[in-house]
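Commentary on secondary and tertiary structure
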Amino acid sequence: MIFAAEDLKSDNPRPTPLFSAAASVSKANVWTSVNGWTTARLYTSIEEEYEAASHRVAVLDMGAIARYSIRGKDAGTMLSRATSVPASSLELGESARGLILSDEGEVIDHVETTNLSDDFFLMAMTHPHARRLRLAARGFDVEVKDITGEVAIIGLIGPDWRKAVSAIGIDVKSDHLAAQGRMRGVEIVARPFHLGRNDCIELIFPMEEALTIWERIDRSSKPAPIGLDAFDLLRIEAGVPRPGTDFISAEYAFSDAGVRRPAELGLSHLAPLDRGWFNGRSALKHPKGARRRAVTVLAIDADYAAPGAAVFAAGKPVGRITSSAFSPHLKRVVAFADLAPAALRKTLEVSMVSVDGRRLAASLFETPERLLALTYRENLDQATETRR
Amino acid sequence: MPESKNATSKTQSRAPSKIEAGIDAVVVGATVEGLAAASYLGKAGFKTVLLEAGASAGAAGREREFAPGYHCADGEHLLSALDPELVSDFDLYRFGLSFSNRCLDTVYYFDDGAAIRLDGEPQRWKQSLSRAGCDEIEPFGDFMEMVLETAALLRSHLKLTMGRDGRQSKFMVSSIFSNAPPERVALIERFLFGSTDDVLDGVFKDPRLQNLIMAESSLRMAAAPHDAFSFLALVHALSGEVAGLQGARAYVKGGIVGVVDALRRAAQAKKVDIRAAASVKSVIVEWDRIAGVELVDGTQIRTPIVVNALDARSAFVNQIGFEKINLEFQHVLDAPTPKTASARIHFALRGAPADQSTKANLSRRLVLAPSRTALRHAYHSARSGKVSAPLIIEAVFPSAFDEKAMAAKKQVLSIFAHPIPYDENPSENMRAEIMEAAIRSLELIMPGVTDRIEASELRLPADIAHESGVDPVTLAARPLILEQWARAQLLIESSGIEGFYFCGPEAQIGVGVSGAAGRVAAKAAMDDSKSRARFL
């Protein structure tokens, strides 16, 4: 799951349940507002935080991500309808990623759903969508509740997350299935997830226990706290485009400009047309016009990030950088770019300039998300070939 | 939960008692629109079944005895638009469509007792005024000429479009302007966006002329003359065509049932299987595609095309269910509760009213046009749940077109009184107040009529809705024309269910029926079917 873009106009963001714990370990003391919740951008340095997430374990306050609980006998059906997640067919404890699409098949948001019991699901989304979920619940026997702020969520990112989780007495047996446990009489849900190549887990529990659990994890495995800037780098490397930054969410768009369909974002595998019947599916089946844009990740031979920079192919502008970050691991900038699809086959340059005044070269970067999309595409092509 | 539960839950309670297959299209609701759609589908060679919940096609508008010896029919008493394409495609005259009067003159009455008679053809209003000895013949004539020109320009822009081409449709104001003569652009802009009050400001001084225009633009509309965009209602009304005449009002032989009967015969001639007393319980949707309909008796009719002519709430919410329709589309179904409505009243009269004026105008359309202040007051009252008089009255004598009634000297007077408060459960008090206000207004048209009333029947939206099962909101005063157009366009093209086509009352723009929505829905179904066949 990823964070929404900063809402810079929010003048009085609320503290998340883990705010005081996070504040106590912040050396950089750089904060921002995400969905109206105070969130740390930086604790120490991007390099240190990224290093911890890649090789050890980093701890993240995920309180700014919108959360909903869906209860009722139709919970799975309703979620399968409102999102592209096949919630009805999830195993107990299983999670799946998907998209929320508009009636026109344009992407509104990312969504991740976990099946905790036959009639109880948890949902996480980049932005809050209470109004939309209320609409989606009509005609179903379900109760939708916004639990953002009522629960504390600790994210643990990195290969050593198991050690940290064992400190609170939860035995997570599977890398894919959520586990539930109790500590001090309080129920905790531990839900594994993946962000690109990074294995992660999130611990969800009542906000009253926020500080106790943070402290236990801190004492047992000393995870480095990770802020939004380092997390954003992981997001770009993973190839997950962010609504509000890399594309405009169809929920908030005033025009078609900036609004993207799953295929344009390289996320067709998250809204496959054979995955039941979800909102926007029929529009995807009969798309209006050809693919308009391609939002993809580029690697740029630069040592500084430059969102907004123009991208050129054969000397002509073909798009722009939408978000970027310097990767200490790659020693290059990784960036999301919104491009004309034809440009993907050409040599790319970015309007950022080198010391000798030349435009910098950029190349397509193979992200885990792109690989998933390619695999999905190959399977689809094979299936089509077999039908013929 | 297994995927099979994606099939409509309403169909799962028990096994169907009978499954009928091999049907190309099902049309739900034998209204004018439903019959039009079925006729087109039948003509195109689709094996079509038309399902009607009532005892016969158009049963809701059939003639009935409302007082001993006096008959009336619900539904429209006059036609201001009947889709010319529909009439010519089926040559409805061959199937019995006939007009008692294809162009009714209108007599406008005013608070001060004066009256002006205008010709049934708006193009001849100027000549009518000269006969009436009005002072402002030229300005009125020029004004009406411009209104009619704008109406002709608008006609192509306010058409409903559907199907693969229609999904790109937009109401492009700029294209109207680009087709208009440059010197008229500012005026057209006023006609499109202005209130009736603003448009009339300074055009002519005679308050009677102003009042009659205000009455025509407000009759059965939710927008008062001082509301923005309200003038467009008149422009739209004058853009309609009936019996080959633009802006005219016609009386069909047999009332609206005359149109229904002609269409029914046309549909039968095209081998449409019309089934009465066949109430649809639910529309079967499998994934995002139509699979058929289930009737109340448990019979399932499997078909890839369903055209629904019922109101939007019945069609989408009751028969399909929220869980099957696109999320944003649900907003379209959540129309705000209306505040105003019109009352339909039938009066049984002991002979024609005594005054000479009424006697001379029995086979004309009679309209009471209240003053600007009175009309504003009536709207304010209606919106706050009260009734005030005078109201706008549109009156006709159906019996004047019926030779039997004339012979028996029994007169039936049918009126629309507008505006009144919209109420889904009107109290007896409210009913009495409405009746009193209507009779007080009627007295201004035909003094002494009260003494001739033998019986009366007040038909409010709630009454008709209660009997016919339609959503009462569709019987309330019509919203602004642009609002109607936008909503209709969304309703017919955005449900997200493949094979489902809507042509209910919300798919029609303006007051009355025309059959155009049924034609548009059927043509979209035929186009989609053709392109699917090409793809396969």
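Rules of the game
- Residues numbered from 1 in each chain as written.
- Chains lettered and ligands numbered in written order.
- Predicted model: local features only at pLDDT ≥ 70, side-chain atom pairs only at ≥ 80, totals over all residues.
- Heavy atoms only, no water.
- Helix = DSSP H or I, 4+ residues; strand = E, 2+ residues; numbered from the N terminus.
- Rg over C-alpha atoms; globule rule 2.2 N^0.38 Å.
- Buried < 20%, exposed > 50% of the residue type's maximum accessible area, 1.4 Å probe, protein only.
- Contact = heavy atoms within 4.5 Å.
- Areas by Shrake-Rupley, 256 points an atom, 1.4 Å probe, with all protein chains shown as cover.
- Pairing = 2+ DSSP bridges.
- Axes fitted to C-alpha atoms, helices over the stretch in contact; angles between N-to-C directions.
- Buried area = accessible area lost by both parts, 1.4 Å probe.
- Salt bridge = Lys/Arg side-chain N within 4 Å of Asp/Glu carboxyl O.
- Polar contact = N/O pair within 3.5 Å; in protein donor to acceptor, adjacent residues only side chain to side chain.
- Nonpolar A, V, L, I, M, F, W, Y, C, P; charged D, E, K, R; others polar.
- Parallel < 35°, antiparallel > 145°, perpendicular 65-115°, else oblique.
- Left-handed = near helix turned anticlockwise from the far one by under 90°.
- Domains from an automatic or database assignment.
- pLDDT = per-residue confidence, 0-100.
- Phe/Tyr/Trp six-rings, centres within 6.5 Å; stacked < 30°, edge-to-face > 60°.

Before going further, it helps to spend a moment on the overall build of chain A. Within chain A, the secondary structure is distributed over nine helices and 20 strands. Computed over its C-alpha atoms, the radius of gyration of chain A comes to 21 Å, within 12% of the 21 Å expected for a compact globule of 388 residues. Referenced to the eigenvectors of the C-alpha coordinate spread, the extents of chain A come out at roughly 65 × 50 × 40 Å. Buried positions account for 58% of the 388 residues belonging to chain A. Considering only contacts within chain A whose residues lie at least 6 apart along the sequence, 68% involve residues at least 24 apart. A total of about 16300 Å² of accessible surface is found on chain A, and carbon and sulfur atoms cover 51% of it.

Residue and element names in this part refer to chain A. One open sheet accounts for six strands, arranged 11-12-13-10-4-14; its pairing is mixed. Sheet topology places strand 11 (179-183) and strand 14 (224-225) at the edges, where each strand pairs with a single neighbour. Note that strand 4 (residues 58-61) and strand 14 share two bridges and pair parallel. By the bridge assignment, V59 is partnered in strand 14 with P225. Across the sheet, helix 2 (residues 46-55) is in contact with strand 4, strand 10 (151-157), strand 13 (198-206) and strand 14; its angle to strand 4 comes to roughly 110°.

Turning next to the interface of chain A and chain B. In this complex, chain A contributes 27 residues to the contact, which on the side of chain B involves 23 residues. Between chain A and chain B, roughly 2300 Å² of surface is buried when both sides are summed, and carbon and sulfur atoms account for 47% of that area. Among the residues of chain A in contact with chain B, D103, R138 and W277 of chain A are the three that bury the most area, contributing 31% of the side total. Joining chain A to chain B, the criterion identifies five salt bridges. Measuring nitrogen to oxygen at the nearest pair gives 2.9 Å for the salt bridge that ties D288 of chain B to R281 of chain A. Linking chain A to chain B there are 14 residue pairs in polar contact (both at pLDDT 80 or more). When contributions to the side of chain A that touches chain B are tallied by element, the ones reaching two or more residues are helix 3 (75-82), helix 4 (130-137) and helix 8 (281-285) of chain A. Sorting elements by how many residues they give to the side of chain A that touches chain B places helix 4 of chain A first, with four residues. Across the side of chain A that touches chain B, the residue classes tally to seven nonpolar, nine polar and eleven charged.

Looking now at the packing of helix 2 of chain A against helix 7 (residues 228-238) of chain A. Residues and elements named next belong to chain A. At a minimum axis distance of 8 Å, the contact between helix 2 and helix 7 shows a crossing angle of 55°. If you check the angle between helix 2 and helix 7, you find them oblique. Considering only the axes of helix 2 and helix 7, their crossing is right-handed. Between helix 2 and helix 7, the contacting residues are I46, E49, Y50 and A53 on the first element and D229, A230, L233, L234 and E237 on the second. For the contact of helix 2 with helix 7, the per-class residue count stands at six nonpolar, no polar and three charged.

Residue and element names in this part refer to chain B. Split into domains, chain B comes out as domain 1 (3-61 + 258-335 + 478-535), domain 2 (64-82 + 94-101 + 337-468) and domain 3 (126-242). Inter-centroid distance (C-alpha atoms) of domain 1 to domain 2 is 32 Å. The interface of domain 1 with domain 2 comprises twelve residues on the first partner and eleven residues on the second. Both sides together, the interface formed by domain 1 and domain 2 hides about 970 Å², and carbon and sulfur atoms give 64% of it. Linking domain 1 with domain 2 are zero salt bridges, by the criterion used here. There are one residue pair in polar contact (both at pLDDT 80 or more) connecting domain 1 and domain 2. Classifying every residue of the side of domain 1 that touches domain 2 gives eight nonpolar, three polar and one charged.

Okay, the pattern of salt bridges next. In the structure shown here, the tally under the stated rule is 52 salt bridges over all chains. A salt bridge links R275 of chain B to D273 of chain B; the nearest nitrogen and oxygen atoms lie 2.9 Å apart. Given a relative accessible area of 22%, R275 of chain B falls into the partly exposed group. Three or more residues are tied together by salt bridges with common partners; here these are R281 and K285 of chain A together with D288, R289 and E498 of chain B.

What follows deals with unusual backbone geometry. All names here are of chain B. The omega torsion of the bond from A389 to P390 falls at 0°, within 30 degrees of zero and hence cis. Take P390: it is sitting in the loop between helix 15 (372-383) and strand 19 (392-396). Of note, A277 is a non-glycine position whose phi angle comes to about 50°, a positive value. Looking at the element boundaries, A277 is found in the loop between strand 12 (273-275) and strand 13 (280-286).

In this fold, D451 of chain B is placed in helix 18 (residues 449-452). Taking the C-alpha atoms as reference points, D451 of chain B and V199 of chain B, 252 residues apart in sequence, are found 40 Å from one another.

Turning to the environment of F500 of chain B, a few remarks are in order. Residues and elements named next belong to chain B. If you trace the backbone, F500 turns up in strand 22 (residues 500-502). By relative accessible area, F500 is classed as buried at 5%. Taking the C-alpha atoms as reference points, F500 and G240, 260 residues apart in sequence, are found 27 Å from one another. Among residues more than four places away in sequence, those in contact with F500 are I290, V306, N308, A315, F316, I320 and S495.

With that out of the way, let us pick up the side chain of E202 of chain A. Residues and elements named next belong to chain A. The residue E202 is located in strand 13 in this model. Residue E202 is classed as buried on the basis of its relative accessible area, which comes to 1%. Among the polar contacts made by the side chain of E202, one reaches the side chain of R67 at a distance of 2.8 Å. Among the polar contacts listed, one links the side chain of E202 to the side chain of R191, at a separation of 2.7 Å.

Residue and element names in this part refer to chain B. Confidence along chain B averages 87 in pLDDT terms, with 90% of residues attaining 70 or more. Counting contacts from residues 1-12, a segment whose pLDDT is below 50, to residues more than four positions away or on other chains yields 33 contacts. Low pLDDT, under 50, characterises residues 163-169; the stretch is placed with 15 contacts to residues that sit more than four places away or in other chains.

Residue and element names in this part refer to chain B. Among the residues of helix 19 (residues 461-468), P461, A462, D463 and A465 are the ones counted as buried. Contacts made by the buried residues of helix 19 are with strand 17 (340-350), helix 17 (428-445) and strand 21 (453-459). G469 lies just past helix 19 and shows a positive phi near 80°.

Before going further, it helps to spend a moment on the domain arrangement of chain A. Residue and element names in this part refer to chain A. For chain A, the assigned domains read domain 1 (14-65 + 148-238), domain 2 (67-146) and domain 3 (293-387). On a C-alpha basis, the centres of domain 1 and domain 2 stand 23 Å from each other. Taken together, the two surfaces of domain 1 and domain 2 that pack against each other cover about 1300 Å², and 45% of this comes from carbon and sulfur. Considering only the surface of domain 1 that becomes buried against domain 2, I65, T148 and R191 emerge as the three largest contributors, covering 36% of it.

Using the criterion set out here, one finds 17 aromatic pairs over all chains in the structure. Between W31 of chain A and Y43 of chain A the ring centres are 6.4 Å apart and the planes differ by 75°, which places this aromatic pair in the edge-to-face class. You can see W31 of chain A sitting in strand 2 (residues 30-34) and its partner Y43 of chain A sitting in the loop between strand 3 (37-42) and helix 2, a full twelve residues away along the chain. Taking relative accessible area as the criterion, Y43 of chain A reaches 2% and is therefore assigned buried. Through successive ring pairs, a cluster of aromatic residues spans W125, F140, F143, F191, F204 and F231 of chain B.

Residues and elements named next belong to chain A. Counting through the fold element by element, A87 comes out in the loop between helix 3 and strand 6 (95-101). Overall, A87 belongs to the buried group, its relative accessible area being 1%. With 138 residues separating them along the chain, A87 and P225 place their C-alpha atoms 32 Å apart.

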